[in-house]
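Single-letter residue listing:
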Amino acid sequence: MKNTIVIYYSRTGASRIVAEAVAKKLGCRVAEVFYPGHEKVKYWEACKQAMFKRVCEIECDADAQNLDSFERVIFVFPIWAFTLCSPIRSFMLSRKAQLKNYELIATAGGSGLRGCVKAATEILGAAPKHSVMLRDENIRAGKVDLPEWVLLLK
Ligand SMILES: Cc1cc2nc3c(=O)[nH]c(=O)nc-3n(C[C@H](O)[C@H](O)[C@H](O)COP(=O)(O)O)c2cc1C
């Protein structure tokens, strides 16, 4: 699927597993957003960054630099403090002019999808077409249940 790209950030690997599974299923490009030095950012500091809507320094794979050639972006990322993690917030803010249709796949311990949808809608000026939360314990146990709408995108 040439017109779709999966863009992900992952701190501990769960979102990466999901991003790669989605890209494989759709046969589309996948690009990572990096937060240099994120391993030194403590849990509560990362929570505060997310809660207070702070941006952070990010780097991206080449495909994520220019989104004009993609019709759809699927974001895969961890929920932080019931909202968007700061690397994905930072990415959305920096590329919002290029973002048309987008979907959200959040990974989490169990809650916060509503906050992510609200934050993304505020930043991008439109709600995601679809959104879903996948539990980290299932992902880490090898169970990645992709929602039906992902399968239908193919
Ligand atoms: C700073 C921080 C804040 C988190 N906040 C939440 C939260 O609000 N709700 C939740 O269910 N899980 C929360 N989690 C758990 C992660 O969202 C979850 O483990 C996720 O799958 C990790 O993805 P990753 O391995 O791709 O980084 C938090 C984790 C971190 C590190």
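Residues numbered from 1 in each chain as written. Predicted model: local features only at pLDDT ≥ 70, side-chain atom pairs only at ≥ 80, totals over all residues.

Chemist: Any details on the overall build of the chain? Residues and values, ideally.
Modeler: Counting its secondary structure elements, the chain contains six helices and seven strands. Walking the chain from its N terminus toward its C terminus, one meets helices and strands in the order β-α-β-α-β-β-β-α-β-α-β-α-α. Once the C-alpha set of the chain is aligned to its principal axes, its extents read approximately 40 × 35 × 25 Å. Counting all 154 residues of the chain, 38% fall into the buried class. (Helix = DSSP H or I, 4+ residues; strand = E, 2+ residues; numbered from the N terminus. Buried ≥ 20, exposed ≤ 12 C-beta atoms within 10 Å, placed from the backbone.)

Chemist: Mind laying out the site of the ligand, listing which residues take part and the relevant values?
Modeler: The full set close to the ligand counts 21 residues, and Ser 10, Arg 11, Ser 15, Pro 78 and Ala 108 are the nearest of them. Elements supplying a minimum of two residues to the shell around the ligand: helix 1 (14-26), helix 2 (43-51), strand 4 (72-80) and strand 6 (101-108). Taken together, the residues of the shell around the ligand break down into 10 nonpolar, nine polar and two charged. (Near = placed C-beta within 6 Å. Nonpolar A, V, L, I, M, F, W, Y, C, P; charged D, E, K, R; others polar.)

Chemist: Tell me about the environment of Leu 99, residues and numbers included.
Modeler: Turning to its location among the elements, Leu 99 is positioned in the loop between helix 3 (86-95) and strand 6. It is 7.8 Å that separates the C-alpha atoms of Leu 99 and Asp 68, two residues lying 31 residues apart in sequence. Ignoring sequence-local partners within four residues, the contact set of Leu 99 consists of Leu 67, Val 73, Met 92 and Leu 124. (Contact = placed C-beta atoms within 7 Å.)

Chemist: Tell me about the nonpolar core, and name the residues and values.
Modeler: Counting 44 residues, the largest nonpolar core has Val 6, Ile 7, Val 22, Phe 75 and Val 76 as its most contacted members. At the level of secondary structure, the elements contributing two or more residues to this core comprise strand 1 (4-8), helix 1, strand 2 (29-34), helix 2, strand 4, helix 3, strand 6 and helix 4 (113-124). When sequence neighbours within four positions are dropped, the list of residues in contact with Val 76 reads Val 6, Tyr 8, Ser 15, Val 18, Ala 19, Val 22 and Ile 105. (Core = buried A, V, L, I, M, F, W, Y, C linked by C-beta atoms within 7 Å.)

Chemist: So, helix 4: which residues are in play, and what are the values?
Modeler: Taking 1.5 Å as the rise per residue, helix 4 with 12 residues should run 16 Å; its terminal C-alpha atoms sit 16 Å apart, in good agreement. With its phi angle positive at about 80°, Gly 125 sits one or two positions after the end of helix 4. (Expected span 1.5 Å × (residues − 1).)

Chemist: Hey, could you go over the packing of helix 3 against helix 4 for me, with residue numbers and the actual values?
Modeler: Two elements in contact, helix 3 and helix 4, have axes whose closest approach is 9 Å; the angle formed by their N-to-C orientations is 20°. Here helix 3 lies roughly parallel to helix 4, going by the angle between them. Seen along the crossing, helix 3 lies across helix 4 with a hand that is right-handed. Residue-level inspection shows Arg 89, Met 92 and Leu 93 of helix 3 in contact with helix 4, the latter providing Ala 119, Ala 120, Ile 123 and Leu 124. The residue inventory of the contact of helix 3 with helix 4, partitioned by class, reads six nonpolar, no polar and one charged. (Axes fitted to C-alpha atoms, helices over the stretch in contact; angles between N-to-C directions. Parallel < 35°, antiparallel > 145°, perpendicular 65-115°, else oblique. Left-handed = near helix turned anticlockwise from the far one by under 90°.)

Chemist: Got a sec to walk through the pairing of strand 2? Specific residues and values, please.
Modeler: On any regular strand, side chains alternate: one points to one face of the sheet, the next to the other face. Bridge count for strand 1 against strand 2 is four bridges, and the pairing is parallel. Note on strand 2: the bridge partner recorded for Ile 7 is Ala 31. Handedness of the crossover joining strand 1 and strand 2 through helix 1: right-handed. Of the strand pairs in this sheet, strand 2 and strand 3 (residues 59-60) are connected by two bridges, and their pairing is antiparallel. Each bridged residue has a counterpart across the sheet, and for Val 33 the counterpart in strand 3 is Cys 60. (Pairing = 2+ DSSP bridges. Right-handed = clockwise from strand over helix to strand, strands pointing away.)

Honestly, that's just the spatial picture; any functional story needs more than this.
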